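# Structural features, examined
Here is what each chain is made of, one letter per residue.
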Amino acid sequence: MADLPRFLTLPDVAEILNTSVAQVYAMVRRGDLPAIKIGGRGQWRVSEADLEEHIAHLRVETRKFIDEHPFDPAETAVDDDVTS
């Protein structure tokens, strides 16, 4: 990711991943995405490096899922977020 700050806000991460801030917050709170809390108000920040590492991990997990669940042309997805 070129020209990003070292630490990203949760809305920044949500925009990069094209998802909601609530989803990013859930990933952070579950421990799926490493983050730090800073300042008196405890604002969350995700390092660019941790985000890139998380994306790489998701690619590996996705490949494993695809290998374990071969595509069946008879299946028809309603949207891109099918989680079966």
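Scroll up to find the structure.
## Some details on the sheet that holds strand 3 (residues 43-47)
- Strand order across the open sheet formed by three strands is 1-3-2, with antiparallel pairing between neighbours. This sheet does not close on itself; its edge strands, each paired only once, are strand 1 (7-8) and strand 2 (36-38).
- When strand 1 meets strand 3, the two strands line up antiparallel, connected through two bridges. What sits directly across from phenylalanine 7, in strand 3, is serine 47.
- Those strands touched by helix 3 (residues 48-68) are strand 1 and strand 3, and its axis lies near 65 degrees from that of strand 3.

## Regarding the packing of helix 1 (residues 10-17) against helix 2 (residues 21-30)
- Running from N to C, helix 1 and helix 2 point in directions that differ by 110 degrees, and their axes come no closer than 8 Å. Between helix 1 and helix 2, the crossing angle belongs to the class labelled roughly perpendicular. Here helix 1 contributes Leu10, Pro11, Val13, Ala14 and Leu17 to the contact with helix 2, which in turn contributes Val21, Val24, Tyr25, Met27 and Val28.
- Taken together, the residues that form the contact of helix 1 with helix 2 break down as ten nonpolar, no polar and no charged.

How each quantity is defined
- Residues numbered from 1 in each chain as written.
- Predicted model: local features only at pLDDT ≥ 70, side-chain atom pairs only at ≥ 80, totals over all residues.
- Heavy atoms only, no water.
- Pairing = 2+ DSSP bridges.
- Helix = DSSP H or I, 4+ residues; strand = E, 2+ residues; numbered from the N terminus.
- Contact = heavy atoms within 4.5 Å.
- Axes fitted to C-alpha atoms, helices over the stretch in contact; angles between N-to-C directions.
- Parallel < 35°, antiparallel > 145°, perpendicular 65-115°, else oblique.
- Nonpolar A, V, L, I, M, F, W, Y, C, P; charged D, E, K, R; others polar.

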